[in-house]
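Take a look at the letters that make up each chain.
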Amino acid sequence: MTAYLKLDHIDKIFTRGTASTEVLKDINLTIEKGEYVSIIGHSGCGKSTLLNIIAGLTGATTGGVLLENREVNSPGPDRAVVFQNHSLLPWLTVYENVKLGVDKVFARTKSRAERDAWVMHNLNLVQMAHARDKRPSEISGGMKQRVGIARALAMEPKVLLLDEPFGALDALTRAHLQDSVMALHQKLGNTILMITHDVDEAVLLSDRIVMMTNGPSARIGEVLEVPLARPRKRLELAANSTYLKCRQRVLEFLYERHRFVEAA
Amino acid sequence: MNMPATKIEVETATPAAIAAPVVTMTPKRPPRAEAYARMARETAVRVIPPLVVIALLTLVWELVCRRAGSALPPPSRVFKDTKELILDPFFDHGGIDKGLFWHLSASLQRVALGYSLSAVAGIALGVLVGQSVWAMRGLDPLFQVLRTIPPLAWLPLSLAAFRDGQPSAIFVIFITSIWPIIINTAVGIRNIPQDYRNVAAVVQLNPLEFFSKIMIPAAAPYIFTGLRIGIGLSWLAIVAAEMLIGGVGIGFFIWDAWNSSHISEIILALFYVGIVGFVLDRLIAGLGKFVTRGTAQN
């Protein structure tokens, strides 16, 4: 297995005054190029912290992140993030939001006209070109998240990090966007790492599902391969035995062996 | 088991199909005359109540001050005494014997200069205090003490330092209006959501780009709150400062009128001071609304 993105013995300890909490313990994970990996776990298990460490927004206490065998420890467009709450800048239009990243990443390599075309190309990919001059307050939640995806894709990241990207959306919009992300992954072959707490979403979208134990000191409890052929169809999979088996496996992990215990 | 469920589906589908075209119909445009009438009504609702109140107050004032031996002149006297000043605000007989336009414009120039300086310095200091914990710890206590000093208390000190009325007045404007600008800017900067900072980090904006593309727009609503309080304070301070430094300016015009016992002129000047202050406030508010459009909602 060729390591494209490698998480190497990552520990994370938060210290506040004299009290310290170990959030993540000895996280090891290797992701291949073009793979779609989901990290699933109960809330508070540190999956978002892990994503922030990979993105470089938080530092690991020990261990590190290797991307193409080079250590990365500060944020950069090679690991673009789609944030849970879209995080579009409300004073910029849809077009300007995507352009912000494009202008920085391709400042030297693309001309002004090429950058403009690239922004529109990415807006087209997520079917948001029609709203280019709208502000985030004028479009729906699902549309905002589409623009967030376009912004991340437009930076041509080596790894696309999705932080519970569909968590804030209603079920119908969520399904629609999941299909879009699957289609994009099929078309562009990105390496994608997604944080989620939705079992169906994880099984439907991923090549592998990384299940995390409950915190504190969360570890990787189990990694499950999802041997389903792509392209996957939501409706056909509903009765597929492999799909159901995978789903069963994740559910067992989350609700039997690592039941969420409300912190006392 | 399946049959009844399907039946229900069909039943609910039928009324929806009937209702749909009703919903999608575009409402007819109201005729133009009706639109004008509504606009006139809306304007009337806003304009008539204050006009009625003003008329009533003027009437009371007239009745109270009309009798002989009254200390203050009634509105009719004020108008008669100041008719020349109202009708010709542009005369210039040299020295400080000028029309009200010149007095107001001299005051406004001082405010413009002092206020611009304090806006630039205030936003810069506010960003520093908002962004750096150490700057806040060091400077904030100082600001909290200095901002309570009344504007006029600065005047003697600045006169001693500058040895001239003009820069002293401008300094008083500056020092009066800078505090709310600093404090509000700092709050705005501190309240920039972590999300925006993360976006900037992922895109790798440099500090200058972060300042212009994230910080200023994100903090703009707060900054404009500070600027609006600041402009009000500087207009308050200039009138008082000018009374003491003399020369051309609406403040000294009032003081001069008092010394010559032209009470009517004082009243007229107060009207102008109030109206100019109101316009300044609206100007900054309007500018803020224009600049921050879209930022308020998320």
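Residues numbered from 1 in each chain as written. Chains lettered and ligands numbered in written order. Predicted model: local features only at pLDDT ≥ 70, side-chain atom pairs only at ≥ 80, totals over all residues. Heavy atoms only, no water.

1. Remarks on the overall build of chain A
Here is the rule: The helix and strand labels rest on DSSP assignments: H or I over at least four residues marks a helix, E over at least two residues marks a strand, and numbering proceeds from the N terminus. Whether a residue is buried, partly exposed or exposed follows from its accessible area with a 1.4 Å probe, protein chains only, as a fraction of its type maximum: under 20%, in between, or over 50%, in that order. Methods summary: accessible areas were calculated by the Shrake-Rupley approach with a probe of 1.4 Å, and residue burial reflects only the protein chains presented.
From N to C terminus, chain A includes 8 helices and 10 strands. Within the span of chain A, comprising 264 residues, buried residues form 52% of the whole. Carbon and sulfur atoms make up 49% of the accessible area of chain A, which totals about 12,100 Å².

2. Some thoughts on the packing of helix α9 (residues 207-245) of chain B against helix α11 (residues 263-291) of chain B
All names here are of chain B. The cut-off we apply is this: For helices, the fitted line uses only the C-alpha atoms of the stretch in contact; every axis is such a line through C-alpha atoms, and the angle between N-to-C directions lies from 0 to 180 degrees. Each angle is binned into one of four classes, with values under 35 degrees roughly parallel, values over 145 roughly antiparallel, values of 65 to 115 roughly perpendicular, and all other values oblique. By convention, the crossing between two helices is left-handed when the near helix turns anticlockwise from the far helix through less than a right angle, and right-handed when the turn is clockwise. Should any heavy atoms of two residues lie within 4.5 Å, those residues are counted as being in contact. In this count, Pro and Cys sit with the nonpolar residues alongside Ala, Val, Leu, Ile, Met, Phe, Trp and Tyr, while Asp, Glu, Lys and Arg are called charged and the others, Gly among them, polar.
It is at 9 Å that the axes of α9 and α11 come closest, and there the two elements cross at 165 degrees. In this view, α9 runs roughly antiparallel relative to α11, as classed from their interaxial angle. For the crossing formed where α9 meets α11, the hand is right-handed. In this structure, α9 contributes F224, L227, R228, I231, W235 and V239 to the contact, and α11 contributes V273, V276, G277, L280, D281, R282, I284, A285, L287, G288 and V291. Considered class by class, the residues forming the contact of α9 with α11 number 12 nonpolar, 2 polar and 3 charged.

3. Remarks on unusual backbone geometry
Residues and elements named next belong to chain A. A cis amide bond links R230 to the next residue, P231, at an omega of -5 degrees. Residue placement: P231 occurs in the loop between β10 (220-225) and α7 (234-237). At H9, a position not held by glycine, the phi torsion is positive, near 45 degrees. By secondary structure assignment, the location of H9 is in strand β1 (residues 5-16). The backbone of E164 sits at a positive phi, close to 40 degrees, despite the residue not being glycine.

4. Considering the environment of B:E242
Residues and elements named next belong to chain B. Structurally, E242 is set in helix α9. For E242, a relative accessible area of 0% gives the class buried. Each C-alpha atom, one on E242 and one on G277, is 16 Å from the other, the two residues being 35 residues apart in sequence. Excluding its chain neighbours within four sequence positions, the residues that come into contact with E242 are S107, R110, V248, G249, I250, G251 and F252.

5. Focus on the sheet that holds strand β5 (residues 70-72) of chain A
Hydrogen bonds between backbone groups are what pair the strands of a sheet, and the pairing can be parallel or antiparallel. Residues and elements named next belong to chain A. Applied cut-off: Between any two strands, pairing holds if DSSP finds at least two bridges.
Spatially, 4 strands are ordered β2-β1-β4-β5 in an open sheet, and the strand pairing comes out antiparallel. Two strands in the sheet have a free side with no partner beyond their single neighbour: β2 (19-31) and β5. The sheet shows a mean angle of 35 degrees between the axes of neighbouring strands, direction not considered. The sheet contact formed by β1 and strand β4 (residues 62-67) spans 5 bridges and is antiparallel. Counterpart to D11 in the pairing with β4 is T62. Each of β1, β2 and β4 touches helix α1 (residues 47-55); the most contacted strand, β1, lies at about 115 degrees to it.

6. Quick look at the UniProt feature "domain: ABC transporter" (unreviewed entry) in chain A
Operational definition: UniProt positions are given in the numbering used here, feature names are shortened, and annotations may be inferred rather than shown by experiment.
As recorded in UniProt, the sites labelled "domain: ABC transporter" (unreviewed entry) are residues 5-239 of chain A. The span residues 5-239 of chain A shows a helical share of 33% and a strand share of 27%, and its end C-alpha atoms are spaced 33 Å apart.

7. Considerations on the packing of helix α4 (residues 100-131) of chain B against helix α7 (residues 165-190) of chain B
All names here are of chain B. Interaxial distance between α4 and α7 falls to 6 Å at its minimum, and their mutual angle equals 30 degrees. Pair α4 / α7 crosses with right-handed handedness. Broken down by class, the residue content of the contact of α4 with α7 amounts to 19 nonpolar, 9 polar and 2 charged.

8. Points about the UniProt feature "domain: ABC transmembrane type-1" (unreviewed entry) in chain B
Mapped onto this structure's residue numbering, the UniProt feature "domain: ABC transmembrane type-1" (unreviewed entry) falls at residues 104-284 of chain B. Secondary structure across residues 104-284 of chain B divides into 89% helix and 0% strand, with the first and last C-alpha atoms of the span separated by 18 Å.

9. Regarding the nonpolar core
Filter applied, for reference: Working definition of a nonpolar core: buried Ala, Val, Leu, Ile, Met, Phe, Trp, Tyr and Cys residues. They are joined through side-chain atoms within 4.5 Å.
Grouped together as the largest cluster of nonpolar side chains are 142 residues, with contacts concentrated most on A:L7, A:L123, A:I209 and A:V250. Among the elements that take part in this core, α9(B) stands out by supplying 14 residues, more than any other. Not counting chain neighbours up to four residues away, the residues in contact with A:L123 comprise A:V94, A:Y95, A:V98, A:M128, A:A129, A:R132 and A:A150.

10. Side note on the interface of chain B and chain A
The cut-off we apply is this: When two components associate, each loses some accessible surface as probed by a 1.4 Å sphere; the sum of these losses over both components is called the buried area. Salt bridge criterion: a side-chain nitrogen from Lys or Arg within 4 Å of a carboxyl oxygen from Asp or Glu. Polar contact is the term for a pair of N or O atoms within 3.5 Å; when the atoms are in protein, one must be able to donate a hydrogen and the other to accept it, and sequence-neighboring residues count only if both atoms are side-chain atoms.
Counting residues at the interface gives 20 residues for chain B, matched by 23 residues for chain A. For the pairing of chain B and chain A, the buried interface totals around 1,900 Å² over both sides, and the portion due to carbon and sulfur atoms is 67%. Counting the contacts that link chain B with chain A gives 1 salt bridge. A salt bridge links B:E209 to A:K104; the shortest N-O distance between them is 2.8 Å. Seen at the junction of chain B and chain A, the total is 4 residue pairs in polar contact (both at pLDDT 80 or more). For the side of chain B that touches chain A, the elements supplying multiple residues, two or more each, are α8 (194-203) and α9 of chain B. Of the residues contributing to the side of chain B that touches chain A, the split by class is 9 nonpolar, 7 polar and 4 charged.

11. A word on the UniProt feature "transmembrane region" (unreviewed entry) in chain B
All names here are of chain B. As annotated in UniProt, the feature "transmembrane region" (unreviewed entry) corresponds to residues 112-136, 169-190, 234-255 and 261-280 in the numbering used here. Between the end C-alpha atoms of residues 112-136 the distance is 28 Å, and the span holds 96% helix and 0% strand. Between the C-alpha atoms that bound residues 234-255 there is a distance of 18 Å. The span itself is 82% helix and 0% strand.

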